[in-house]
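Below are the chains, spelled out letter by letter.
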Amino acid sequence: MCKLANQTALITGGGARVGKAITLALAEAGANVVINYHLSAEAATETANEVSRLGVSTLTIQADISDAAQVAMMVKQAQDHFGTLDILINNASLFKKTPFPTTDLATWQQVSRVLIDGSFYCANAVAPLMLQHGNGNIINIIDLSAWQPLPNFGAHSVGKAALLALTRQLAVELAPTIRVNAVAPGLVLPPPHYNETKIAQAAQSTLLNRWGKPSDVAEAVLFLLKATYITGEVIILDGGQHLK
């Protein structure tokens, strides 16, 4: 297991779904965790309670990461509490339909601001702390839509593609002190509206004929934190779906 004792990680959207799995995995590896949430206060509190039982410290912070001022306040609060931040997991996203062409510019802006601006704001806020500390890791959670656009989800697909590009850009800008990588999950957690039939059909789109689990994403994150000679890379975690 990757040992992260005495390190502090900030996970955006860290209280629910894949974010929760990452948060718990980092805590189990010994890291203190800062759980960011926007609207999911109950889920964040529940996850924080689970973290506390693992013997590490946790802090939940409400912030809309698409707002640079709120991000700055969040990072300052985390720094005041823990002293520094060693790990940033840009996980938060909004999965909303944005058909094209459209007159609904608000939804396009809402989705893209979280994925693109929010991830940038978080990295921009924590990087000075990491550079001062002399070490750091940033891991961005993207998905297959970065390469294979999802119909009617243009803002999401463009946002994930931008996050992939941001991964590589920041790896160049922040080397050699900070490593920046990404994980691209495929089928690891069914959307709430999927029924059993649709879940089974989706599984057949992978080479392994099955869904993965949020814990698979967390394990990939831990691997990237441990693999100190990897930066500017992305791990595709999709059971071979992109080949089928």
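This text goes with the structure placed above it.
Now for a look at the structure at hand. (Residues numbered from 1 in each chain as written. Predicted model: local features only at pLDDT ≥ 70, side-chain atom pairs only at ≥ 80, totals over all residues. Heavy atoms only, no water.)

## Topic: the overall build of the protein chain
Argument step 1. Counting secondary structure elements, the protein chain contains seven helices and seven strands.
Argument step 2. Of the regular secondary structure in the protein chain, the N- to C-terminal order runs β-α-β-α-β-α-β-α-β-α-β-α-α-β.
Argument step 3. Relative to the compact-globule value of 18 Å for 244 residues, the protein chain shows a C-alpha radius of gyration of 17 Å, a close match.
Argument step 4. Dimensions along the principal axes, computed over C-alpha positions, put the protein chain at roughly 45 × 40 × 35 Å.
Argument step 5. Within the protein chain, the proportion of its 244 residues that are buried is 49%.
Argument step 6. Taking contacts inside the protein chain between residues at least 6 apart in sequence as the whole, the part at least 24 apart equals 73%.
Argument step 7. Surface summary for the protein chain: the accessible area is close to 11,800 Å², and the carbon and sulfur share equals 55%. (Helix = DSSP H or I, 4+ residues; strand = E, 2+ residues; numbered from the N terminus. Rg over C-alpha atoms; globule rule 2.2 N^0.38 Å. Buried < 20%, exposed > 50% of the residue type's maximum accessible area, 1.4 Å probe, protein only. Contact = heavy atoms within 4.5 Å. Areas by Shrake-Rupley, 256 points an atom, 1.4 Å probe, with all protein chains shown as cover.)

## A look at the environment of Leu 4
Argument step 1. Structurally, Leu 4 can be placed in the segment before β1 (8-11).
Argument step 2. When residues no more than four places from it in sequence are discounted, the contact partners of Leu 4 are Leu 26, Ala 29, Gly 30, Ala 31, Ile 87, Leu 222 and Leu 225.

## Here we look at the nonpolar core
Argument step 1. If you look at the biggest cluster of nonpolar residues, it comprises 35 residues, and the most contacted ones within it are Leu 10, Met 74, Leu 85, Leu 88, Ile 138 and Ile 142.
Argument step 2. Counting only elements with at least two residues in this core, the list comes to β3 (58-62), α3 (68-82), α4 (105-133), α5 (154-174) and β6 (178-185).
Argument step 3. For this core, the element with the most residues is α4, which contributes seven residues.
Argument step 4. Those residues in contact with Ile 138 that sit more than four places away from it in its chain are Leu 88, Asn 90, Ala 123, Met 130, Leu 174, Ile 178, Arg 179, Val 180 and Asn 181. (Core = buried A, V, L, I, M, F, W, Y, C linked by side-chain atoms within 4.5 Å.)

## Quick look at helix α7 (residues 214-226)
Argument step 1. Along its 13 residues, α7 runs 19 Å from first to last C-alpha, staying within 8% of the 18 Å computed at 1.5 Å per residue.
Argument step 2. Those residues of α7 that are buried are in contact with α1 (17-28), β4 (87-90), β5 (136-141), β6 and β7 (234-237). (Expected span 1.5 Å × (residues − 1).)

## Section: the pairing of strand β2 (residues 32-37)
Argument step 1. With six of six residues buried, β2 lies mostly within the body of the structure.
Argument step 2. Burial along β2 is two-sided: Asn 32, Val 34 and Asn 36 facing one way and Val 33, Ile 35 and Tyr 37 facing the other are all buried.
Argument step 3. Sheet analysis places β1 next to β2, joined by four bridges and oriented parallel. Pairing of Ile 11 across the sheet is with Ile 35, part of β2.
Argument step 4. Examined bridge by bridge, β2 and β3 share five bridges and lie parallel to one another. From the neighbouring strand, Tyr 37 faces β3, where its bridge partner is Gln 62. (Pairing = 2+ DSSP bridges.)

## Examining the sheet that holds β7
Argument step 1. If you trace the seven strands from one edge of the open sheet to the other, you get β3-β2-β1-β4-β5-β6-β7, paired in parallel fashion. Bordering the open sheet on either side are β3 and β7, each of which pairs with just one other strand. Here the strands of the sheet are splayed against their neighbours by 15 degrees on average, with no regard to which way each runs.
Argument step 2. The sheet strands contacting α7 are β4, β5, β6 and β7, and the helix crosses β6 at an angle near 160 degrees. (Axes fitted to C-alpha atoms, helices over the stretch in contact; angles between N-to-C directions.)

## Re the pairing of β5
Argument step 1. For β5, a buried count of six out of six residues is recorded, marking the element as mostly surrounded by other parts of the structure.
Argument step 2. Along β5, one buried face is formed by Gly 136, Ile 138 and Asn 140 and the opposite face, lined by Asn 137, Ile 139 and Ile 141, is buried too.
Argument step 3. With four bridges joining them, β4 and β5 adopt parallel strand pairing. By the bridge assignment, Leu 88 is partnered in β5 with Ile 138.
Argument step 4. You can see the chain leave β4, run along α4 and come back into β5, and the turn it takes is right-handed.
Argument step 5. Bridge count for β5 against β6 is six bridges, and the pairing is parallel. In the sheet register, Gly 136 faces β6, and the bridge partner there is Ile 178. (Right-handed = clockwise from strand over helix to strand, strands pointing away.)

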